Amino acid sequence: MSHTLHLLRHQRLQRSELAVPASNPAMIDKAADSAADFVFLDLEDAVAPPEKLQARKNAIQALNDVDWAAKGKTVSVRINGLDTQYMYRDVVDIMEQAGDRVHTLLVPKVGVPADLYMVDAMVNQAEQAGGLQTRVGIEALIETALGMANVEAIAQFGCRLEALHFGVADYAASMRARTVNIGGLNPNYPGDQWHASISRMVIACRAYGLRAIDGPFGDFSDPDGYIAGAQRAAALGCEGKWAIHPSQIDMANDVFSPPEAEVAKAERIITELRTAEAEGKGAASLDGKMIDAASEKMARNLIDTANAIAAKAVAAE
């Protein structure tokens, strides 16, 4: 193990992330009572320009009126891009009027670390000016060729950054990639055309202590396609996926929850290794297979996730 080690900066259960246009208060109310781990109130792509100001007001009202934490939710706001006229007021108004209620800000189309520096500086000043005791996190959407080209540098940005998300729709447009739908696969490509990009983002996340989240799957009438995409993302190391429709929440929660049998095996791995350790051995055998220190690390990842899911269930009772 290298002497340089970046531990996970902030653990949050993020199996499912429900995207909700803040221009629609009725959808916000339903999201609050959903089974999603995360809800992000969208001020960006899902909101038409004439609705931007009202959507911001709706988001602030929802942050203040709903006890999101009591409902077992982490609540985020996707602000508008740094290249728009809306972004600065998004940050200022949200922080000044609901800075002690929002958990994270999701920054779209991050291309260089300086994009995060700007948002971080604004949030920091707002917290100081308001005397806020809570600390708002920042999450970054990697959804352009520039963002992916700089993903390692972006992941190294410290301070509030907690997670990177793969925004497949804008990424496909930025790459001029041919795809059948948002997050879907082109049948002319031999495999998953997003594999290399998601893998690169996940590597950057794990190297620098960030959560890795897969983005949307647009065809909510295709549950099999959604599940397959989520399973591939999980296999690469993502710990959650967006839901653009309530029907996708349970699918995400299921895919990114470790099965009971796997958790039980993980616990057995740790028990067997402790027994071997007491006997002066660095490895052991379980079900005819060798297990060692690396096996314990993988086992603890499963157990930590299972514990977080159990804690959420208890809090919701």
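These numbers were taken from a predicted model, which means no experiment stands behind them. (Residues numbered from 1 in each chain as written. Predicted model: local features only at pLDDT ≥ 70, side-chain atom pairs only at ≥ 80, totals over all residues. Heavy atoms only, no water.)

## Looking at the packing of aromatic side chains
The tally for this structure, following the rule as stated, stands at 4 aromatic pairs. Taken together, a centroid distance of 6.3 Å and an interplanar angle of 80° make the contact between Phe217 and Tyr226 edge-to-face. Overall, the relative accessible area of 0% leaves Tyr226 in the buried class. In this structure, Lys52 is placed above the aromatic ring of Tyr86, and the distance from its NZ or CZ to the ring centre is 5.6 Å. Above the plane of the ring of Tyr226 lies Lys241, whose end atom (NZ or CZ) is 5.5 Å from the centre. (Phe/Tyr/Trp six-rings, centres within 6.5 Å; stacked < 30°, edge-to-face > 60°. Buried < 20%, exposed > 50% of the residue type's maximum accessible area, 1.4 Å probe, protein only. Lys NZ or Arg CZ within 6 Å of the ring centre and 35° of its normal.)

## Points about the environment of Met175
Structurally, Met175 is set in helix α7 (residues 168-175). Distance in space between the C-alpha atoms of Met175 and Gly288 is 46 Å, their sequence separation being 113 residues. (Helix = DSSP H or I, 4+ residues; strand = E, 2+ residues; numbered from the N terminus.)

## What to know about the environment of Val47
Within the fold, Val47 resides in the loop between β2 (38-42) and α2 (52-65). Look at Val47 and you get buried, because its relative accessible area is 4%. Separated by 26 residues in the primary sequence, Val47 and Pro21 place their C-alpha atoms 6.3 Å from one another. If near-sequence neighbours (up to four positions away) are discounted, Val47 is found in contact with Ala22, Ser23, Asp42, Lys52 and Ala55. (Contact = heavy atoms within 4.5 Å.)

## Side note on the nonpolar core
Among the nonpolar cores identified, the biggest contains 69 residues, and Leu41, Leu63, Trp68, Ile94, Leu116 and Leu164 are the most heavily contacted of them. By size, the runner-up hydrophobic cluster in this structure holds 10 residues, among which are Ile269, Leu273, Ala284 and Leu286. (Core = buried A, V, L, I, M, F, W, Y, C linked by side-chain atoms within 4.5 Å.)

## Quick word on the side chain of Glu296
Looking at the element boundaries, Glu296 is found in helix α12 (residues 293-316). Excluding residues that lie within four positions of it along the chain, Glu296 makes contacts with Ile269, Ile270, Leu273 and Arg274.

## Details of helix α11 (residues 260-278)
Its 19 residues give α11 an end-to-end C-alpha distance of 27 Å, which sits within 8% of 27 Å, the value for a rise of 1.5 Å per residue. Burial in α11 covers these residues: Val263, Ala266, Ile269, Ile270, Leu273 and Ala276. Taken end-on, α11 shows its buried residues confined to a sector of 145°, consistent with a single buried face. For α11, exposure combined with an orientation more than 90 degrees from the buried face picks out Glu260, Ala261 and Ala278. Just downstream of α11 lies Gly280, where phi reads positive at about 80°. (Expected span 1.5 Å × (residues − 1). Arc of directions from axis to C-beta.)

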